[in-house]
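# A look at the structure
Next come the chains, spelled out residue by residue.
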Amino acid sequence: MKYQVAIIGGGPAGYTAAEVAGKAGLSVVLFEKQSLGGVCLNEGCIPTKTLLYSAKTYDGARHASKYAVNVPEVSFDLPKIIARKQKVVRKLVLGVKGKLTAHGVNIVTGAATIIDKNHVQCGEETYECENLLLCTGSETFVPPIPGVDTVPYWTHRDALDNKELPASLAIIGGGVIGMEFASFFNSLGVQVTVIEMLDEILGGMDKELSAMLRAEYAKRGIKFMLSTKVVSLAEADNSLIQVNYENADGSGSVVADKLLMSVGRRPVSKGFGLENLNLAKTERGNIIVGEQMQTSEKGVYACGDLTGFSLLAHTAVREAEVAVRSILGKNDAMSYRAIPGVVYTNPEIAGVGETEESLQKKNIAYRAVQLPMAYSGRFVAENEGVNGVCKVLLAEDDTVLGAHVLGNPASEIITLAGMAIELKLTAEEWKKIVFPHPTVGEIFKEVL
């Protein structure tokens with residue numbers, strides 16, 4: 001069987017590439033060994049946001065009196081929250097499958113193995129292709145902490161399907177995944193402790209805003225242990241888990257009912273014959289690609305987590321679009337100037353472009369302008385007694401370099417800043433754009 005495009009991996013990069021290629025009239029085969037949608041749709045982005053929205057709704061009901069609304073006897077049903085999450089995932093997976101089928105994509109379920117750049121084997125069948133796209137995604141990284149093999153622990157997948165609340169939860173890792181689960185379980189009344197090796201949570205985000213978010217959650221009862229290294233794990237009495245650590249104050253331990261491992265993810269680079277292509281890689285083992293996502297081997301493209309650049313679904317989607325457009329002979333190139341990052345806590349925190357820390361590291365001159373979110377009338381109307389901040393970073397010529405927002409709905413308005421950065425607008429040019437009133441997004445006009 002011969003195809004113009006063969007794609008390994010059915011996550012955001014893979015299914016986007018398949019849809020774009022199929023819509024353009026190319027013959028496409030897509031290999032996925034588990035479920036269409038990959039980690040993002042099945043056990044990452046979508047299910048976590050579904051759970052977080054339930055927690056946010058519960059928070060809203062508990063604090064409804066701030067808006068002169070009385071909601072007596074507020075409660076939640078965790079098994080039903082989990083069931084709704086599964087329903088949402090099933091619906092979206094079927095939607096992805098329907099779109100691919102409509103565009104003539106041949107979906108093959110099974111583990112694919114690369115024979116060479118023009119041949120892929122799956123089961124007993126060998127498929128020939130003119131172009132090969134590698135979209136294999138990433139997997140949870142579990143560090144080799146002494147004792148890790150002797151204690152039960154959750155990965156994000158286990159936490160998503162848990163139907164009984166623990167009394168206490170220790171989370172190793174204060175990154176995006178760790179903080180989102182900390183937010184969810186804290187809202188539902190679990191005593192949460194976050195242990196982070198760095199000196200601040202959310203390493204890639206603006207440090208000032210990350211500290212403000214941490215302070216907000218500390219008020220809600222989450223205990224944070226920063227600059228703290230986990231040195232070993234052990235089972236304690238009553239089936240509790242003991243996390244032993246070291247920091248500037250010395251040694252100590254945290255005991256909790258459950259342990260969530262959330263130290264990060266790593267690209268999937270084994271198990272599908274990648275070694276048979278002999279592609280150029282970085283020192284860290286990530287595949288090197290050009291602006292059109294092409295590898296060192298002609299006709300072979302890598303998109304998404306496999307490049308190691310940005311383990312984010314929306315980055316992978318754009319990379320897939322660029323790769324297929326390159327195959328079609330269209331002029332396009334991948335830009336990483338304005339990749340937004342969002343943490344869906346409550347409140348949300350989002351950033352795009354440069355941070356103050358990254359600009360300082362690069363010795364790039366800039367000035368930061370910022371305002372409380374209370375300068376937005378819509379924000380005040382919808383966020384009674386809640387603080388937030390909008391920060392914009394400008395170059396010496398007033399070109400927008402970065403923007404960072406703490407406060408709902410940061411995830412929705414950060415795209416406005418991303419567009420300004422991608423288009424290289426100056427503050428004056430950005431201010432000329434008419435924003436609807438009242439909207440939270442108007443904060444960007446206020447701050448400039």
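Right, let's get into the overall build of the chain. Looking only at helices and strands, the chain features 13 helices and 21 strands. Computed over the C-alpha atoms, the radius of gyration of the chain is 23 Å, within 12% of the 22 Å expected from 2.2 N^0.38 for a compact globule of 448 residues. Each principal axis of the C-alpha distribution contributes one length, and for the chain these read about 65 × 60 × 45 Å. Per-residue burial over the chain gives 48% buried out of 448 residues. Contacts spanning at least 24 positions in sequence make up 63% of the contacts within the chain whose residues lie at least 6 apart. As presented, the chain carries roughly 21200 Å² of accessible surface, and 50% of it is formed by carbon and sulfur atoms. The average position of the 44 basic charges and that of the 51 acidic charges among the side chains of the chain differ by 4 Å.

This paragraph deals with the side chain of Asn-186. Along the chain, Asn-186 turns up in helix H6 (residues 176–187). Sequence-distant contacts of Asn-186, defined by excluding residues within four places in its chain, comprise Val-192, Tyr-217, Arg-220, Gly-221 and Ile-222.

Looking along the chain, the bond that leaves Asn-346 and enters Pro-347 is cis, with omega of 15 degrees. For Pro-347, the location among the structural elements is in the loop between strand S17 (341–343) and strand S18 (349–353). Between His-437 and Pro-438 the backbone carries a cis peptide bond, its omega angle lying at 0 degrees. Mapping Pro-438 onto the fold places it in the loop between helix H12 (427–431) and helix H13 (443–447). Notably, Ala-68 is not glycine yet its phi reads approximately 65 degrees, a positive angle.

With that out of the way, let us pick up the sheet that holds strand S12 (residues 241–247). On the basis of which strands lie adjacent, the open sheet formed by three strands has the order S11-S12-S13 and antiparallel pairing. Looking at strand neighbours, the two that pair on one side only are strand S11 (229–235) and strand S13 (250–256), the edges of this open sheet. In this sheet, neighbouring strand axes are inclined to one another by 25 degrees on average, regardless of whether the strands run parallel or antiparallel.

Our focus in this paragraph is the pairing of strand S8 (residues 168–172). Counting buried residues in S8 gives five out of five residues, a clear majority hidden from the surface. Burial along S8 is two-sided: the face carrying Ser-168, Ala-170 and Ile-172 and the face carrying Leu-169 and Ile-171 are both buried. In this structure, S8 lies alongside strand S9 (residues 191–195), joined through five bridges in parallel fashion. Note that in S9 the partner of Ser-168 across the bridge is Gln-191. Both S8 and strand S14 (residues 258–261) contribute to a ladder of four bridges, which runs parallel. Of the residues in S14, the one forming a bridge with Leu-169 is Lys-258.

Attention now goes to the packing of aromatic side chains. Working definition: an aromatic ring pair is given by the centre-to-centre distance plus the angle between the planes. Taken as a whole and judged by the stated rule, the model has eight aromatic pairs. Arranged with centres 6.3 Å apart and planes meeting at 40 degrees, the rings of Tyr-3 and Tyr-127 form a pair that is tilted. Here Tyr-127 lies in strand S6 (residues 125–134) and Tyr-3 lies in strand S1 (residues 2–8), a separation of 124 residues in the sequence. Note on Tyr-127: relative accessible area 8%, which makes it buried.

Counting through the fold element by element, Lys-99 comes out in helix H4 (residues 78–102). The class of Lys-99 is partly exposed, set by a relative accessible area of 45%.

A few words on a nonpolar patch on the surface. A surface patch of nonpolar side chains, amounting to about 240 Å² of accessible area, comprises Tyr-67, Val-69 and Val-71. Relative to the assigned elements, Tyr-67 resides in the loop between helix H3 (45–62) and H4.

For the rest of this paragraph, the subject is the layout of surface pockets. Empty space within the second largest pocket amounts to approximately 900 Å³. Lining the second largest pocket are 31 residues; nearest its centre among them are Lys-66, Arg-220, Asn-346, Val-386 and Asn-408. Looking at the lining of the second largest pocket residue by residue, the classes come out as 11 nonpolar, 11 polar and nine charged.

Moving on, we come to the pairing of S1. For S1, a buried count of five out of seven residues is recorded, marking the element as mostly surrounded by other parts of the structure. Sheet analysis places S1 next to S6, joined by six bridges and oriented parallel. Looking at S6, one finds that Ala-6 is bridged to Leu-132. Taken together, the four bridges between S1 and strand S2 (residues 28–32) define a ladder with parallel strand orientation. Its bridge partner lying in S2, Val-5 is registered against Val-28.

Turning next to the pattern of salt bridges. As enumerated under the stated definition, the model contains 21 salt bridges in all. A salt bridge links Asp-199 to Lys-207; the shortest N-O distance between them is 3.1 Å. With relative accessibility at 47%, the residue Asp-199 sits in the partly exposed group. Across the pair Lys-391 and Glu-208 runs a salt bridge whose closest N-O atoms are separated by 2.7 Å. Taken together, the residues span a long stretch of sequence, with Lys-391 in strand S20 (residues 389–394) and Glu-208 in helix H7 (residues 207–219) at a distance of 183 residues. Taking relative accessible area as the criterion, Lys-391 reaches 0% and is therefore assigned buried. For Glu-208, a relative accessible area of 35% puts it in the partly exposed group. Salt bridges linked by common partners bring Asp-206, Glu-208, Glu-356 and Lys-391 together as one network.

The rules behind each value
- Residues numbered from 1 in each chain as written.
- Predicted model: local features only at pLDDT ≥ 70, side-chain atom pairs only at ≥ 80, totals over all residues.
- Heavy atoms only, no water.
- Helix = DSSP H or I, 4+ residues; strand = E, 2+ residues; numbered from the N terminus.
- Rg over C-alpha atoms; globule rule 2.2 N^0.38 Å.
- Buried < 20%, exposed > 50% of the residue type's maximum accessible area, 1.4 Å probe, protein only.
- Contact = heavy atoms within 4.5 Å.
- Areas by Shrake-Rupley, 256 points an atom, 1.4 Å probe, with all protein chains shown as cover.
- Lys, Arg positive; Asp, Glu negative; His and termini not counted.
- Charge placed at Lys NZ, Arg CZ, Asp CG, Glu CD.
- Pairing = 2+ DSSP bridges.
- Axes fitted to C-alpha atoms, helices over the stretch in contact; angles between N-to-C directions.
- Phe/Tyr/Trp six-rings, centres within 6.5 Å; stacked < 30°, edge-to-face > 60°.
- Patch = residues over 30% accessible without salt bridge, like charges linked within 9 Å, V, L, I, M, F, W, Y side chains within 5 Å.
- Salt bridge = Lys/Arg side-chain N within 4 Å of Asp/Glu carboxyl O.
- 1 Å grid on protein atoms, 1.4 Å probe; cavity = no way out; pocket = protein on both sides within 12 Å on 5 of 7 lines; lining within 4 Å.
- Points joined across faces, edges and corners; volume = space filled by probe spheres on them.
- Nonpolar A, V, L, I, M, F, W, Y, C, P; charged D, E, K, R; others polar.

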